[in-house]
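Fold and geometry: a report
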Amino acid sequence: MSTDSTTRETTVTWTDPSQGPSLLPTMDGIDFLRKMAAGEVPGAPIGAHIGMQIAEVGEGTVTFHCHPDESHYNPIGMVHGGLVCTLLDSALGCAVHTTLPAGTGYTSIEIKVNYLRPVSKDSGPLVCTGRVTKGGRRVAFAEGEVVDNLGKTVATASGSLLIFPLETT
Ligand SMILES: CC(C)(COP(=O)(O)OP(=O)(O)OC[C@H]1O[C@@H](n2cnc3c(N)ncnc32)[C@H](O)[C@@H]1OP(=O)(O)O)[C@@H](O)C(=O)NCCC(=O)NCCSC(=O)Cc1ccccc1
């Protein structure tokens, strides 16, 4: 495809993603995420693609900020729902991680998103908060929402995450 005056480009910069996981066997989830919020542990590379950073970490709750831009648009003129879902998946997962001791793994197994209002490049910063609704030995449940820069809730979600011991080698 040729480039013309309507073509835009962006640069994505990220840090070696192997550093963070190497800390998980020895660090409680909340300490890991607090270090990430403080910039002492690199954030996830996906964050560089969508302008997402971890902002606040508490017991059972995490807040992300996100700056959507034109490169996140779908073909019908608004920010792709996948960006909003990625934000919510991140916030729900990290909220659960704050409750987990060192050596415990987790992964999201399902998420239900309600897209209440469209998001544009002018909607940011988006604020996405996730919180645990019920912890568990094997499955944790969480919910969250995304609020735009006018204070309007643009999406809500509920989801569940599998909890398991990290394999030691
Ligand atoms: C339209 C509806 C689904 C339903 O609304 P209704 O039942 O009619 O309810 P209501 O009238 O109460 O409106 C509620 C609020 O919505 C606003 N609004 C409504 N219509 C428009 C409009 N035309 N333009 C602008 N804004 C509009 C309206 O002002 C109001 O806001 P307010 O309360 O005044 O502040 C709405 O909930 C919505 O837009 N959700 C977000 C959906 C979304 O972004 N999905 C993800 C992207 S899709 C994707 O990426 C998948 C894909 C991939 C690849 C290719 C293709 C697709």
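Along every chain, residues carry numbers that run from 1 in the direction the sequence is written. With the structure being a predicted model, the display of local features is reserved for residues of pLDDT at least 70 and the display and counting of side-chain atom pairs for 80 or more, all residues being used for whole-chain, interface and lining totals. Derived side-chain values reflect all non-hydrogen atoms in the structure, with water molecules and hydrogen atoms excluded from consideration.

**Here we look at the site of the ligand**
For clarity, the cut-off: It suffices for a single heavy atom of a residue to lie within 4 Å of a molecule or strand for the residue to be listed as near it. Each polar contact in these results corresponds to two N or O atoms within 3.5 Å; when the atoms are within protein, one needs to be able to donate a hydrogen and the other to accept it, and residues that are neighboring in sequence are counted only if both atoms are side-chain atoms. Note on areas: Shrake-Rupley, 1.4 Å probe, and residue coverage restricted to the protein chains presented here. Under this grouping Gly is polar, as are all residues other than the nonpolar Ala, Val, Leu, Ile, Met, Phe, Trp, Tyr, Cys and Pro and the charged Asp, Glu, Lys and Arg.
Residues in close proximity to the ligand include N74, P75, I76, M78, V79, H80, G81, Y115, L116, R117, P118 and K152, which together make up its full environment. A distance of 2.8 Å separates an oxygen atom of the ligand from a polar backbone atom of G81. Its free accessible area being 1000 Å², the ligand has 40% of it covered by the protein chains. For the shell around the ligand, the per-class residue count stands at seven nonpolar, three polar and two charged.

**Considerations on helix α2 (residues 29-37)**
The cut-off we apply is this: Think of it in three bands: residues with accessible area under 20% of the maximum for their type are buried, residues over 50% are exposed, and the middle band is partly exposed, with areas taken using a 1.4 Å probe on protein chains only. Counting from the N terminus, the helices are the DSSP runs of H or I reaching at least four residues and the strands are the DSSP runs of E reaching at least two. The directions considered for the arc run from the helix axis to the C-beta atoms. By definition, residues are in contact when any of their heavy atoms lie within 4.5 Å.
Looking only at α2, the buried set comprises G29, I30, F32, L33 and M36. For α2, the arc enclosing every buried residue in end-on projection is 160°, short of the 170-degree limit, so these residues lie on one face. On its buried face, α2 sits against α1 (19-23), β1 (52-58), β2 (61-66) and α4 (81-97). G39 lies just past α2 and shows a positive phi near 80°.

**What about the pattern of salt bridges?**
Side chains that differ in charge, positive against negative, can pair when their charged atoms come close. Test applied: Any Lys or Arg side-chain nitrogen located within 4 Å of an Asp or Glu carboxyl oxygen qualifies as a salt bridge.
Scanning all chains against the criterion turns up five salt bridges. Salt-bridge contacts for K35 lead to E40; the nearest nitrogen and oxygen are separated by 3.1 Å. Classification of K35 as partly exposed rests on a relative accessible area of 32%. K121 is the salt-bridge partner of D122, the closest N and O atoms lying 3.7 Å from each other. For D122, a relative accessible area of 55% translates into the label exposed. Each of R131, E143 and E145 takes part in a single network of salt bridges with overlapping partners.

**A closer look at unusual backbone geometry**
Residue P125 follows G124 across a cis peptide bond; omega there is 0°. Within the secondary structure, P125 sits in the loop between β3 (104-115) and β4 (126-134).

**Regarding the environment of C66**
Relative to the assigned elements, C66 resides in strand β2. Taking C-alpha positions, C66 is 7.0 Å from I50, a pair spaced 16 residues apart along the chain. Not counting residues within four places of it along the chain, the set of residues in contact with C66 comprises I50, G51, M52, L83, L87, G124, P125 and L126.

**Comments concerning the UniProt feature "domain: Thioesterase" (unreviewed entry) in the protein chain**
Here is the rule: UniProt positions are given in the numbering used here, feature names are shortened, and annotations may be inferred rather than shown by experiment.
If you check UniProt for "domain: Thioesterase" (unreviewed entry), the listed places come out as residues 77-153 in our numbering. Annotated as residues 77-153, this span is 22% helix and 40% strand, and its ends, taken at the C-alpha atoms, are 20 Å apart.

**So, the environment of D148**
Within the secondary structure layout, D148 lies in the loop between β5 (139-147) and β6 (153-165). On the accessibility criterion, D148 (12% relative accessible area) is buried. Taking the C-alpha atoms as reference points, D148 and E110, separated by 38 residues in sequence, lie 24 Å from one another. In terms of polar contacts, D148 uses its side chain to reach the backbone amide nitrogen of L150, at 2.8 Å.

**What about the sheet that holds β4?**
Strands pair in a sheet through their backbones, by hydrogen bonds, and they do so in one of two ways: parallel or antiparallel. Rules: Strand pairing is assigned whenever DSSP detects at least two bridges linking the two strands. Between N-to-C directions, angles cover 0 to 180 degrees, with each direction set by a line fitted to C-alpha atoms, over the stretch in contact for helices.
What the six strands build is an open sheet, ordered β1-β2-β4-β5-β6-β3; its pairing is antiparallel. The open sheet is flanked by β1 and β3, the only strands paired with a single partner. Shown here is a sheet whose adjacent strand axes are inclined to one another by a mean of 25°, direction ignored. Where α2 meets the sheet, its contacts fall on β1 and β2, and the angle it forms with β1 comes to roughly 135°.

**Some details on a nonpolar patch on the surface**
Convention followed: Each patch groups residues whose relative accessible area exceeds 30% and which form no salt bridge, using 9 Å between like charges and 5 Å between nonpolar side chains of Val, Leu, Ile, Met, Phe, Trp and Tyr.
Together, I109, L162 and F164 give the surface a local cluster of nonpolar side chains, amounting to about 240 Å² of exposed area. Looking at where L162 falls in the secondary structure, it is placed in strand β6.

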